[in-house]
Amino acid sequence: MKKRTALIGALVSLMPIAQPLLIGSGAALTGAALILSLPEVANANRRAYFYFNRAFKKAEKGDDVGAIADYTKAIELDPEDALAYYNRAISKENLEDYSGAITDYTKAIKLDPKDADAFYGRALAKDNLEDYPGAIADNTKVIELDSEYLNAYINRGLAKSNLEDYSGAIADYNKAIELDPEDALPYYNRGVVKGDLEDYSGAIADYNKAIELDSEYVNAYINRGIAKDDLNDYSGAIADYNKA
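Residues numbered from 1 in each chain as written. Predicted model: local features only at pLDDT ≥ 70, side-chain atom pairs only at ≥ 80, totals over all residues. Heavy atoms only, no water.

Trainee: Can you walk me through the overall build of the protein in this structure?
Mentor: Within the protein, the regular secondary structure consists of 15 helices and 0 strands. Relative to its 244 residues, the protein shows a buried fraction of 50%. Looking at the protein alone, contacts between residues at least 24 apart form 55% of all its contacts between residues at least 6 apart. Surface summary for the protein: the accessible area is close to 11,700 Å², and the carbon and sulfur share equals 52%. (Helix = DSSP H or I, 4+ residues; strand = E, 2+ residues; numbered from the N terminus. Buried < 20%, exposed > 50% of the residue type's maximum accessible area, 1.4 Å probe, protein only. Contact = heavy atoms within 4.5 Å. Areas by Shrake-Rupley, 256 points an atom, 1.4 Å probe, with all protein chains shown as cover.)

Trainee: Sorry, what's going on with the packing of aromatic side chains here?
Mentor: Each aromatic ring pair is summarised here by two numbers: the centre-to-centre distance and the angle between the ring planes. Enumeration according to the criterion identifies 6 aromatic pairs in this entry. Measuring from ring centre to ring centre gives 5.5 Å for Phe 52 and Tyr 71, while their planes differ by 70°; the resulting arrangement is edge-to-face. Of this pair, Phe 52 sits in helix α4 (residues 43-60) while Tyr 71 sits in helix α5 (residues 64-77); the two residues are 19 residues apart in sequence, bridging distant segments of the chain. Accessibility classification places Phe 52 together with Tyr 71 in one group, the buried group. Their ring planes at 65° and their centres at 5.9 Å tell us that Tyr 86 and Tyr 105 sit as a pair that is edge-to-face. In this pair, Tyr 86 sits in helix α6 (residues 82-94) while Tyr 105 sits in helix α7 (residues 98-111), placing the two residues 19 residues apart along the sequence. A relative accessible area of 1% places Tyr 86 in the buried class. Classification of Tyr 105 by relative accessible area gives buried; the value is 0%. Ring pairing ties together the aromatic residues Tyr 188, Tyr 207 and Tyr 217, which thus form one cluster. (Phe/Tyr/Trp six-rings, centres within 6.5 Å; stacked < 30°, edge-to-face > 60°.)

Trainee: How should helix α14 (residues 218-230) be read in this particular structure?
Mentor: Taking 1.5 Å of rise per residue, 13 residues should cover 18 Å, and α14 covers 19 Å from first to last C-alpha, within 8% of that figure. The buried count for α14 comes to 11 of 13 residues, which makes it a mostly enclosed element. Along α14, the residues classified as buried are Asn 219, Ala 220, Tyr 221, Asn 223, Arg 224, Gly 225, Ile 226, Ala 227, Lys 228, Asp 229 and Asp 230. (Expected span 1.5 Å × (residues − 1).)

Trainee: What's the story with the packing of α14 against helix α15 (residues 234-243) in this structure? I'm lost.
Mentor: Working note: a packed helix pair is described by the angle between its axes plus the distance between those axes. Interaxial distance between α14 and α15 falls to 8 Å at its minimum, and their mutual angle equals 165°. Relative to α15, the element α14 is oriented roughly antiparallel. Taken as a pair, α14 and α15 cross one another with a handedness that is left-handed. Of the residues in α15, those touching α14 at Tyr 221, Ile 222, Arg 224, Gly 225, Ile 226, Lys 228 and Asp 229 are Tyr 234, Gly 236, Ala 237, Asp 240, Tyr 241 and Lys 243. (Axes fitted to C-alpha atoms, helices over the stretch in contact; angles between N-to-C directions. Parallel < 35°, antiparallel > 145°, perpendicular 65-115°, else oblique. Left-handed = near helix turned anticlockwise from the far one by under 90°.)

Trainee: Can you help me understand the side chain of Lys 126 in this one?
Mentor: Looking at where Lys 126 falls in the secondary structure, it is placed in helix α8 (residues 116-128). Look past the residues within four positions of Lys 126 in its chain and what remains in contact with it is Ile 102, Asp 131, Gly 134, Ala 135 and Asp 138.

Trainee: It is not clear to me how the confidence of the model for the protein should be interpreted in this structure. Could you clarify?
Mentor: Interpreting fine coordinate detail is not advised for predicted regions of low pLDDT. Of the residues in the protein, 82% reach a pLDDT of 70 or more, and the chain-wide mean stands at 85. Contacts from residues 1-40, a stretch scored under 50 in pLDDT, to residues over four places away or in other chains number 88 contacts. (pLDDT = per-residue confidence, 0-100.)

Trainee: Please explain helix α11 (residues 166-179) as it appears in this structure.
Mentor: Along an α-helix, residues three or four apart share an orientation, since each turn contains 3.6 residues. Across its 14 residues, α11 extends 20 Å between first and last C-alpha, which sits within 8% of the 20 Å expected from 1.5 Å per residue. Every buried residue belonging to α11 is among Tyr 166, Gly 168, Ala 169, Ile 170, Asp 172, Tyr 173, Ala 176 and Ile 177, and all of these are buried.

Trainee: Whenever I open this one, the pattern of salt bridges confuses me. Can you help?
Mentor: Oppositely charged side chains are able to pair whenever their charged atoms sit close together. Tallied over the full model, the rule gives 17 salt bridges. A salt bridge links Glu 178 to Lys 175; its shortest N-O distance comes to 3.3 Å. With Glu 178 and Lys 175 both in helix α11 and 3 residues apart, the pair spans about one turn of that helix. Residue classification places Lys 175 among the partly exposed positions, given a relative accessible area of 27%. (Salt bridge = Lys/Arg side-chain N within 4 Å of Asp/Glu carboxyl O.)

Trainee: Any chance you could explain unusual backbone geometry here in plain terms?
Mentor: Among all residues save glycine, negative phi is the norm, and among peptide bonds the norm is trans. Phi angles above zero are rare outside glycine, and Glu 96 is one such case at about 65°. Of note, Glu 96 is situated in the loop between α6 and α7. By relative accessible area, Glu 96 is classed as exposed at 58%.

Trainee: Explain the environment of Ser 235 here, please?
Mentor: Within the secondary structure, Ser 235 is located in helix α15. Residues Ser 235 and Gly 225 lie 10 residues apart in sequence; the distance between their C-alpha atoms is 9.3 Å.

Structure representation (structure tokens):
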């Protein structure tokens, strides 16, 4: 039974990883008028702002290909703009170009070594490439820079789980729950780990809490049903499968 539980748990726990947020500059948020009101800005920089703003708007509308083209032009005009590399990385990640995203996040980090979001985005890209040690290292750096960065604990816990460091994963999920006890995801992921450890009663308790916080958490019902099945509670398992 354990293998079946672990397989399904690992599959569904990967789904809700939070993606990095697209970040706009002041110019992007207030429009071209601000760009044109900067008399001391060189023409190349004004053009870079224009391409950055247009890229940002394209990305917001889901046109990642167009956004990448404009961010690339902005970077050509202003190669020290860490934000352009960061946002281009997000668009590349959206297109599943994880290697390209890592390259851009790395450049953004070189330009701004204290940017926790860039380390977090790179960790997600590494996770998608199954570079779990690299993902752990980057999420650890995020936490060094911002000890309350909730998603870094969740995603580091997931990477540790993928490396079968279950005690480390549980510790990270515990910290995430401490930071936000109303977030269903760390309870759910901790339940998956407990299922992997054959602590089915503990897994059920965590799935119960996830469902209490989110009554439509389909994967929690599925995995709770599996854990009940493992404890020979067949009627309870059937009820959860029906609910899912």
